Amino acid sequence: MAVAKEIRAKIHSIKNTQKITRAMEMVAASKMRKVQDRMQRAKPYAHKILQVIGHLAKGHPEYRHPYLQEREIKRVGFIVVTTDRGLCGGLNSNLLKYSLQQIKKWKDQGAEINLCLVGTKAESFFKRIGGRILAHATHLGDAPKLADLIGVVKVMLTAYMDKQIDALFLCSNEFVNTMKQEPVVQQMLPIVPSTNEKLEHYWDYIYEPDNARELLDQLLSRYIESQVYRGVIENIACEQAARMVAMKNATDNATELINDLQLIYHKARQAAITRELNEIVAGAAVV
Amino acid sequence: MTATRVTLRLDIVSAEEAIFSGEAEMVFVTGAMGELGIAPGHAPLVTALKSGNIRVISPETKKEEVFYVKGGMLEVQPFVVTVLADTVVRAHDIDEAAALEAKARAEQALATKSTEIDFAKASAELAEAIAQIRAVQKMKAKYTNK
């Protein structure tokens, strides 16, 4: 019965692993719902701030903020958003692969690449393969605050103002649905003016302090920050969704393994019983 | 939009959540240049906000609701008021400090050997990771078909 005992131990251990993966699946599912909720809550701000920027820009057509001006691109900045933890399938690998393609495209055009990394996976990846890194933020947790990102965004904005970079892109995962997450690269700077904006009433604003440029500057920085924040939150939603699916697969695989092992166990047990019976019968025949 | 309208539409939003959205009879805020009271029909105005309370007088109950914001921006149109609230106290030097910290972290933790990206190594590494995942999926498909 030695074999049977070994198999039993194995089944037991797989069952324990299965318990963990099942728990992780459920945790990821509940976290995903929470993050999706956060994504929704962040939406009105982006909408409103764009409106106000639109109004202000319309009131001052003669002033073109550097964030809105296109210039020749010699250096490019990339904000790469990954997760902090693994066990989420190919999420990070796919994102890094896609980002790398985009980076290479710029590189081939002779542009210099500057990076800003969010998440430990991006950190360890670029640590191995090299690259000029301007800023990085890790361990943001499941519910990052905008405050956690101010620093890194500020570094990139300053780099843009100092002409260390001429364009800024955000690489993150887009949450399509629970089963599908897609890596996307979005242009952050110069800001792409939205084309579907309606021509609204022109307001002759009073400015306090009496400097529209300063206010516009502040608004645009806030806008970029909120966009990066949205990217990070969405990436977390993707992470949880991917983890949920990965853990579901792991649980299913464990079930299959257990079934197979159970079959082998029964066979081994029966074989042992048969052998014992044989021995008894043979023994009786001799007597 | 008539002059006899006695309420204005107020939206208070921050990057993390929508704080308030509804009608108000009057709104009081702390602007960069001082305390402001906004009644319906106010002249269009854009201002930075200091951290402080936003007091909203509701048209039905005439009661005051108070929201605390840590600064932000205010846009006023005659009957629409938008507050873009900050989630943390912002000041130039605080932002600068956060930026320096992010930079220092990058320099410390990521003392990479070269500033050039090794594309060959990177794609090899990624291809391997993705191939592993694919192999597992394929094996699983084969296994279940049996």
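Above this text is the structure in question.
Scoring rules and cut-offs
- Residues numbered from 1 in each chain as written.
- Chains lettered and ligands numbered in written order.
- Predicted model: local features only at pLDDT ≥ 70, side-chain atom pairs only at ≥ 80, totals over all residues.
- Heavy atoms only, no water.
- Helix = DSSP H or I, 4+ residues; strand = E, 2+ residues; numbered from the N terminus.
- Rg over C-alpha atoms; globule rule 2.2 N^0.38 Å.
- Buried < 20%, exposed > 50% of the residue type's maximum accessible area, 1.4 Å probe, protein only.
- Contact = heavy atoms within 4.5 Å.
- Areas by Shrake-Rupley, 256 points an atom, 1.4 Å probe, with all protein chains shown as cover.
- Pairing = 2+ DSSP bridges.
- Axes fitted to C-alpha atoms, helices over the stretch in contact; angles between N-to-C directions.

1. What about the overall build of chain A?
When helices and strands are tallied, chain A shows five helices and six strands. Secondary structure elements of chain A, listed N to C terminal, follow the sequence α-β-α-β-α-β-α-β-β-β-α. For 287 residues, the compact-globule formula gives about 19 Å, and the C-alpha radius of gyration of chain A, at 28 Å, lies well above that figure. Counting only C-alpha atoms and orienting by the principal axes, one finds that chain A spans roughly 115 × 40 × 30 Å. Buried positions account for 48% of the 287 residues belonging to chain A.

2. Remarks on the overall build of chain B
Each helix and strand in chain B was counted, giving two helices and seven strands. Each helix and strand of chain B, ordered N terminal to C terminal, gives the series β-β-β-β-β-β-β-α-α. Per-residue burial over chain B gives 40% buried out of 146 residues. Of all intrachain contacts in chain B linking residues separated by at least 6 positions in sequence, the fraction that spans at least 24 positions is 46%. For chain B, the exposed surface amounts to about 8,000 Å²; the carbon and sulfur share of it is 57%.

3. Quick look at the environment of Trp106(A)
Among the secondary structure elements, Trp106(A) is positioned in helix H2 (residues 91-108). Distance in space between the C-alpha atoms of Trp106(A) and Asp166(A) is 12 Å, their sequence separation being 60 residues.

4. Quick notes on the pairing of strand S1 (residues 8-14) of chain B
Residues and elements named next belong to chain B. The element S1 is extensively covered by neighbouring structure, given that six of its seven residues are classed as buried. Both S1 and strand S2 (residues 18-24) contribute to a ladder of six bridges, which runs antiparallel. Paired with Leu-8 across the two strands is Ala-24, which belongs to S2. Linkage of S1 to S2, two consecutive antiparallel strands, is achieved through a turn of three residues. Pairing between S1 and strand S7 (residues 80-85): six bridges, direction parallel. Counterpart to Ser-14 in the pairing with S7 is Ala-85.

5. Some details on the sheet that holds strand S5 (residues 180-189) of chain A
Residue and element names in this part refer to chain A. In space, the five strands of this open sheet follow the order S3-S2-S1-S4-S5, with mixed pairing throughout. What marks the edges here is a single partner per strand, and that holds for strand S3 (133-137) and S5. Neighbour to neighbour, the strand axes of the sheet diverge by 20 degrees on average, direction disregarded. As paired strands, strand S4 (residues 167-177) and S5 are joined by nine bridges and run antiparallel to one another. Its bridge partner lying in S5, Asn-173 is registered against Pro-183. Its contacts with the sheet put helix H3 (residues 120-129) on strand S1 (75-81), strand S2 (112-118) and S3, and the angle it makes with S2 is roughly 145 degrees. In the packing of helix H4 (residues 147-161) onto the sheet, the strands contacted are S1, S2, S3, S4 and S5, and the crossing angle to S3 comes to about 160 degrees.

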